[in-house]
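Residue-level listing of the chains:
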Amino acid sequence: MKVLVPVKRVIDYNVRPRVKPDQTGVDLANVKMAMNPFDEISVEEAVRMKEKGIATEIVIVSIGPAQAQETIRVGLAMGGDRGILVQTDERVEPLAVAKILKAIVEQEKADLVIAGKQAIDDDNNQTGQMLAALLDWPQGTFASAVAKDGDKLKVTREVDGGLQTISLDMPAVVTTDLRLNEPRFASLPNIMKAKKKEIAMKTPADYGVDTAARLSVVKVTEPKKREAGEKVADVDTLIAKLKSVGAI
Amino acid sequence: MAVLVLAEHSNAALNDATTKVVSAAAAFGGDIDILVAGSNAKAAADAAAQIAGVRRVLLADGPAYEHATAEALEAVIVPLMANYDAFFAPATTAGKNVSPRIAAKLDVMQLSDITGVIDKDTFERPIYAGNAILTVKSSDKKKVVTVRGTAFQAAASGGSASVEAIEAPAGPFKSAFVGEELSKSDRPELASAKRIVSGGRALASAEQFQKYILPLADKLGAGVGASRAAVDAGYAPNDYQVGQTGKVVAPELYVAIGISGAIQHLAGMKDSKVIVAINKDEEAPIFAIADYGIVGDLFKIVPELTEKL
Ligand SMILES: Cc1cc2nc3c(=O)[nH]c(=O)nc-3n(C[C@H](O)[C@H](O)[C@H](O)COP(=O)(O)OP(=O)(O)OC[C@H]3O[C@@H](n4cnc5c(N)ncnc54)[C@H](O)[C@@H]3O)c2cc1C
Ligand SMILES: Nc1ncnc2c1ncn2[C@@H]1O[C@H](COP(=O)(O)O)[C@@H](O)[C@H]1O
């Protein structure tokens, strides 16, 4: 079974994003970037499938600037077999990302796509579901467990009320949630080995996909600031304060 | 103009999230129809018909819709969209699951988790864990939108829309429901709770989470939440997680106990009306947004607070 894992290069989750004074976006100059954390979980899951003999090959794909090669290398060091970078300096929206991924899935004849549930920059939570729709494949989103079950895939999902388990026909799209696994750190020898793995360089035009944005940014602003209140000395004072503002 | 609103429901009852989406749809404008897709879901459809401002309720009833799988919902919704200018769904796990499928089939870019409607093309939504607010304009003819419940008031009741049964494909679809493990609790649901008590990594075990957090929640009549660290460690179930990638809440009172206040957690609760933090580290970032903080050991403070309330 061939597994495709799309990975996005995003701001590192430890960095506090700052809005640019001209309100055109968030300042990413000289900011630490990293693989979207959910995508690390996806790579880990694919690598575990390969270790169990379920997956035969893992292809890591990113759509983004030249530096996204570094992100792909992280995936290759974790155990991915080869990479594809669809290079563009434009902002690419989930719909266009899904269209590019669809073309790659068809070309590669992949059997399973494991994407993250959400990219932590734009917080869209769309790409996996869009890809599934474009391919007419079933989807198992927000996965906390994935198991091959004969010719089906059993996916346990983190839903608002608890956990739900569904069974998918294959091929399928899975999107990962936080509790699926704990991603490994790549070892030094594996990082070295990953340097020799192939990354194919492509462009959106190679797949015939128009990446023109459907959504234009009007402005990006700071959220309403919340002022720090006061520290109180003891429980009695806290209760009195909460009563005085009608919170209890 | 007309908007199709996807109802969130349990077949037997309508979820409050639906009424918030109706408010957002009203701000967008046009006639509002609600789709109830379910199995034996007449009760939910009747409840939807009572929301003020709704023109019609469409009921797609059949066994294939009992668990609202994305593939089944897509089969009902996509053909309906020929008659609508917009599709609005709640930004719940159910809404987030299906809406992008609809958007992709209509070849439009979805607007996720909106917190404001500026005009029929322009919307506001938080990005980067709520550290920035994006105002964004869509050039697509049809809009597919998911709505953040905490940003909109519930629509009033008192409507009397008609309920019309519609044809719904019976399947089979490419996914099937196997089972579920739902959290059972008599406490208020996080999305609608007026008060929430949340515990973090500092609780150190599931036993202590239950021993210290639950009695305080009971005293306050509060819902119970948790940080990611507490959920990852198994102190609380996954559906308790509040934050960027969990639930977004905005109760009248939010009590954060042994939670440091990482941006991913703040993203889910910083719009609460009154925030209380209990943490032994006076430098913890949670204090920067708390209205009232107590610096100290939760294992002493929480029992005292519970007793004195
Ligand atoms: C992709 C991604 C998504 C994420 N999504 C979320 C999310 O949705 N929600 C979320 O919450 N997090 C999320 N996180 C995790 C987040 O970054 C933090 O790691 C997490 O919120 C920390 O949880 P915590 O505050 O309970 O633990 P810690 O940061 O370890 O804080 C524990 C706190 O308890 C205090 N403490 C310890 N002992 C005591 C005591 N006896 N009495 C009083 N105080 C005590 C400490 O001073 C400390 O401040 C996400 C992270 C990533 C990478
Ligand atoms: N530019 C991209 N390149 C590769 N994968 C992406 C890209 N954008 C989104 N994805 C994938 O889609 C998931 C969800 O992203 P989003 O829908 O943007 O929240 C991510 O976790 C990635 O797996």
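Rules behind the numbers
- Residues numbered from 1 in each chain as written.
- Chains lettered and ligands numbered in written order.
- Predicted model: local features only at pLDDT ≥ 70, side-chain atom pairs only at ≥ 80, totals over all residues.
- Heavy atoms only, no water.
- Near = heavy atom within 4 Å.
- Polar contact = N/O pair within 3.5 Å; in protein donor to acceptor, adjacent residues only side chain to side chain.
- Helix = DSSP H or I, 4+ residues; strand = E, 2+ residues; numbered from the N terminus.
- Nonpolar A, V, L, I, M, F, W, Y, C, P; charged D, E, K, R; others polar.
- Pairing = 2+ DSSP bridges.
- Contact = heavy atoms within 4.5 Å.
- Axes fitted to C-alpha atoms, helices over the stretch in contact; angles between N-to-C directions.
- Buried area = accessible area lost by both parts, 1.4 Å probe.
- Salt bridge = Lys/Arg side-chain N within 4 Å of Asp/Glu carboxyl O.
- Core = buried A, V, L, I, M, F, W, Y, C linked by side-chain atoms within 4.5 Å.
- Buried < 20%, exposed > 50% of the residue type's maximum accessible area, 1.4 Å probe, protein only.

Visitor: Would you take a moment to explain the site of ligand 2 for this structure?
Guide: Residues and elements named next belong to chain A. Of all residues adjacent to ligand 2, which total 18 residues, the nearest are D39, I63, A119, N125 and T127. At 2.8 Å, a backbone N or O of A119 approaches an oxygen atom of ligand 2. Only strand 4 (57-64), helix 3 (94-108) and strand 6 (112-116) provide two or more residues apiece to the shell around ligand 2. Here the shell around ligand 2 is composed, by residue class, of eight nonpolar, eight polar and two charged.

Visitor: Sorry, what's going on with the site of ligand 1 here?
Guide: Neighbouring ligand 1 are 28 residues; R201, S227, Q241, S260 and N279 of chain B lie closest to it. The environment of ligand 1 is shared, with nearby residues belonging to chains A and B. Residue Q244 of chain B places a main-chain N or O atom 3.3 Å away from an oxygen atom belonging to ligand 1. Contacts to ligand 1 include N279 of chain B, whose side-chain N or O atom sits 2.7 Å from an oxygen atom. Those elements that provide at least two residues to the shell around ligand 1 are helix 1 (37-51) of chain A together with helix 6 (228-232), helix 7 (263-266) and helix 8 (298-308) of chain B. Across the shell around ligand 1, the residue classes break down as 10 nonpolar, 13 polar and five charged.

Visitor: For this particular structure, what's the right way to read the sheet that holds strand 13 (residues 230-231) of chain A?
Guide: Whenever strands of a sheet pair, they do so through backbone hydrogen bonds, lying parallel or antiparallel. Taking strand neighbours across the sheet as the criterion, the six strands line up as 13(A)-16(B)-15(B)-14(B)-12(B)-13(B) in an open arrangement whose pairing is parallel. Of all the strands in the sheet, the pair left with one neighbour each is strand 13 of chain A together with strand 13 (223-226) of chain B. Pairing between strand 14 (residues 253-257) of chain B and strand 15 (residues 274-279) of chain B: five bridges, direction parallel. Residue A256 of chain B lies in a different strand from strand 15 of chain B, and its bridge partner there is A277 of chain B. Across the sheet, helix 6 (residues 235-244) of chain A lies against strand 13 of chain A together with strand 14, strand 15 and strand 16 (292-295) of chain B, angled at about 170° from strand 16 of chain B, the strand it touches most. Packing against the sheet, helix 5 (residues 206-220) of chain B makes contact with strand 12 (195-199), strand 13 and strand 14 of chain B, and its axis sits at approximately 170° to strand 12 of chain B.

Visitor: Sorry if this is basic, but what is going on with the interface of chain B and chain A here?
Guide: Size of an interface, as often reported, equals the accessible area lost when the parts are brought together. With 83 residues of chain B at the contact, the number on the chain A side is 76 residues. Between chain B and chain A the total buried area reaches about 6,900 Å² when both faces are included, carbon and sulfur atoms providing 54% of it. When the buried surface of chain B facing chain A is broken down by residue, M109, Y128 and Y292 of chain B rank first, second and third, together holding 12% of it. On the surface where chain B and chain A come into contact, there are seven salt bridges. Applying the counting criterion to the chain B and chain A interface returns 54 residue pairs in polar contact (both at pLDDT 80 or more). Residues of the side of chain B that touches chain A, tallied by class, amount to 36 nonpolar, 22 polar and 25 charged. Of the strand pairs in this sheet, strand 13 of chain A and strand 16 of chain B are connected by two bridges, and their pairing is parallel. The residue bridging K231 of chain A from the neighbouring strand is G293 of chain B, located in strand 16 of chain B.

Visitor: Please clarify how the nonpolar core should be interpreted in this entry.
Guide: When a protein is soluble and globular, its nonpolar side chains tend to lie buried together. Formed by 94 residues in total, the largest nonpolar core has its most connected members in I34, L35, V36 and F88 of chain B. Considering each element in turn, this core owes the most residues, nine residues, to helix 3 of chain A. Dropping the residues within four chain positions of it, L35 of chain B is found in contact with L4, V5, L6, A7, L58, A60, V76, I77, L80 and I166 of chain B.

Visitor: Teacher, can you tell me more about the pairing of strand 4 (residues 86-90) of chain B here?
Guide: Consecutive side chains along a regular strand alternate between the two faces of the sheet. Residue and element names in this part refer to chain B. The buried fraction of strand 4 amounts to five of the five residues, a majority that puts the element mostly inside the structure. Neither face of strand 4 is exposed, since A86, F88 and P90 on one face and F87 and A89 on the opposite face are all buried. Here three bridges tie strand 1 (residues 2-6) to strand 4, and the two strands are oriented parallel to one another. Of the residues in strand 4, the one forming a bridge with V5 is F88.

Visitor: Looking at this structure, how should I read the pattern of salt bridges?
Guide: Any two side chains of opposite charge can pair if their charged atoms end up close together. What the rule picks out here adds up to 39 salt bridges over all chains. For the salt bridge of R226 of chain A with D291 of chain B, the shortest nitrogen-to-oxygen distance reads 2.7 Å. With R226 of chain A in the loop between strand 12 (215-221) and strand 13 and D291 of chain B in the loop between strand 15 and strand 16, this pair bridges two chains. As a salt-bridge pair, R228 of chain B and D232 of chain B come within 2.7 Å of each other at their nearest N and O atoms. Taken together, the positions of R228 of chain B and D232 of chain B, both in helix 6 and four residues apart, correspond to about one turn of that helix. Each of the salt bridges in this network shares a partner with another, and the network as a whole consists of D136 of chain A together with E71, E74, R101 and K105 of chain B.

Nothing here speaks to function; it is all geometry.
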